[in-house]
Amino acid sequence: QDRYEPATMARVGLLVLAGLALLGAASAAIDNGGLCSFPYCPCATTYIEECLQVSAPTIVNDTYSFTVVSSCADVVSPSCDQTLFKIEMNTFASCRWTRLSSATYTWQGVTRPVPIFPNFDNSQSTTPCTGLQVLKVTQLDIPYSALINDPVTFAFTIQPTVGPRRCNTWPELLNTTNTNEPYPFTFFSADNDCCLLPKPPPPPPPSPPP
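Summary of the structure given here. (Residues numbered from 1 in each chain as written. Predicted model: local features only at pLDDT ≥ 70, side-chain atom pairs only at ≥ 80, totals over all residues. Heavy atoms only, no water.)

**Some points on the overall build of the chain**
- When you go through the chain residue by residue, the secondary structure sums to 2 helices and 15 strands.
- The burial tally for the chain puts 43% of its 210 residues in the buried class.
- Pairs at least 24 residues apart make up 70% of the contacts formed inside the chain by residues separated by at least 6 positions.
- Of the roughly 10600 Å² of accessible surface on the chain, 58% is carried by carbon and sulfur atoms. (Helix = DSSP H or I, 4+ residues; strand = E, 2+ residues; numbered from the N terminus. Buried < 20%, exposed > 50% of the residue type's maximum accessible area, 1.4 Å probe, protein only. Contact = heavy atoms within 4.5 Å. Areas by Shrake-Rupley, 256 points an atom, 1.4 Å probe, with all protein chains shown as cover.)

**As for the state of the cysteines**
- Here the structure, examined in full by the defined rule, presents 4 disulfides.
- At a sulfur-sulfur separation of 2.1 Å, the disulfide partner of Cys 51 is Cys 72. Residues Cys 51 and Cys 72 are joined through a disulfide that is left-handed, its torsion about the S-S bond being -80°. One end of the pair, Cys 51, is in the loop between strand E2 (42-43) and strand E3 (52-54); the other, Cys 72, is in the loop between strand E5 (63-70) and strand E6 (83-84), with 21 residues separating them in the sequence.
- Accessibility expressed as a relative area gives 1% for Cys 51, which makes it buried.
- Shown here is the disulfide that connects Cys 80 with Cys 194, its sulfur atoms set 2.2 Å apart. Here the S-S torsion is close to 80°, and the disulfide linking Cys 80 with Cys 194 is therefore right-handed. Of this pair, Cys 80 sits in the loop between E5 and E6 while Cys 194 is found in the loop between strand E14 (185-188) and strand E15 (195-196), placing the two residues 114 residues apart along the sequence. Across this residue pair, the class does not change: Cys 80 and Cys 194 are buried.
- Cys 41 takes part in no disulfide bond, and the closest cysteine sulfur, belonging to Cys 43, lies 3.7 Å away. (Disulfide = S-S within 2.5 Å.)

**Here we look at the packing of aromatic side chains**
- With the rule as written, the count across this model stands at 12 aromatic pairs.
- Where Phe 66 meets Phe 156, the ring centres are 6.5 Å apart and the plane angle is 40°; that geometry is what we call tilted. Of this pair, Phe 66 sits in strand E5 while Phe 156 is found in strand E13 (residues 152-158), placing the two residues 90 residues apart along the sequence. Accessibility classification places Phe 66 together with Phe 156 in one group, the buried group.
- An aromatic cluster is built from Tyr 64, Phe 66, Tyr 105, Phe 154, Phe 156, Trp 170, Tyr 183, Phe 185 and Phe 187, whose rings are joined through pairwise contacts. (Phe/Tyr/Trp six-rings, centres within 6.5 Å; stacked < 30°, edge-to-face > 60°.)

**Remarks on the nonpolar core**
- Counting 42 residues, the largest nonpolar core has Phe 66, Val 68, Ile 87, Phe 154, Phe 156 and Phe 187 as its most contacted members.
- Of all the secondary structure elements, the ones that give two or more residues to this core are E3, E5, strand E7 (86-92), strand E8 (100-107), strand E11 (132-137), E13, helix H2 (170-173) and E14.
- Counting residues in hydrophobic clusters, the runner-up holds 5 residues, among them Phe 38, Leu 132, Val 134 and Leu 197. (Core = buried A, V, L, I, M, F, W, Y, C linked by side-chain atoms within 4.5 Å.)

**Some remarks on the pairing of E5**
- Relative to E5, E3 is paired through 3 bridges, and the arrangement is antiparallel. Looking across to E5, one finds that Gln 53 is bridged to Val 69.
- Of the strand pairs in this sheet, strand E4 (residues 58-60) and E5 are connected by 3 bridges, and their pairing is antiparallel. Within the sheet, the bridge partner assigned to Thr 58 lies in E5 and is Ser 65.
- Here E4 hands over to E5 after 2 residues, with Asn 61 in that stretch at a positive phi of 55°. (Pairing = 2+ DSSP bridges.)

**A look at the pattern of salt bridges**
- Taken as a whole, this structure holds 3 salt bridges when the rule is applied.
- A salt bridge links Lys 136 to Asp 121; its shortest N-O distance comes to 3.8 Å. With Lys 136 in strand E11 and Asp 121 in the loop between strand E10 (119-120) and E11, this pair connects stretches of sequence that are 15 residues apart. Each member of the pair, Lys 136 together with Asp 121, is buried. (Salt bridge = Lys/Arg side-chain N within 4 Å of Asp/Glu carboxyl O.)

Interpretation in functional terms is not warranted from these geometric data alone.
This is the structure:
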């Protein structure tokens, strides 16, 4: 596994301290009103971006997957629980009866089913915005400190079925219409106060001149 050089660690350390200072000052300041803005509830979506990398999601056949790795123990506001407790996906209510055939996470070389199988929110429409709801994957309870240089990969597979309100592909199911949200999912802390919206990993540094 990759390890950081001392100079890089020093830079990351300074960025983390600055980020913690800002997050601490905000004290998990709610920056999401929960109206028509995903994750559709009052919570803090910001986090220390240098501390967490989330790969761009891939779709292979009917499986949607992405990988999460941390470089810090504290990723979200100090006033929030520092765990990846729940994933919520931004979906269309017209796909409410979509079925998944499997939901797993691979961590430390072992693939396991998620603790509770993904389910759509109990209400017909999670949000005041017509036609939107969330698909929840909860009780994950993975500390960000446990993901330092030890990535976890989540994989969710749709089971194509015939019937009303069923979507048989991920592009049909996921709401990706908001270009301000790079990924159609969020990570909640156990207390639900922090709901970070992951951003794509930074581009690689330019090659040194010859």
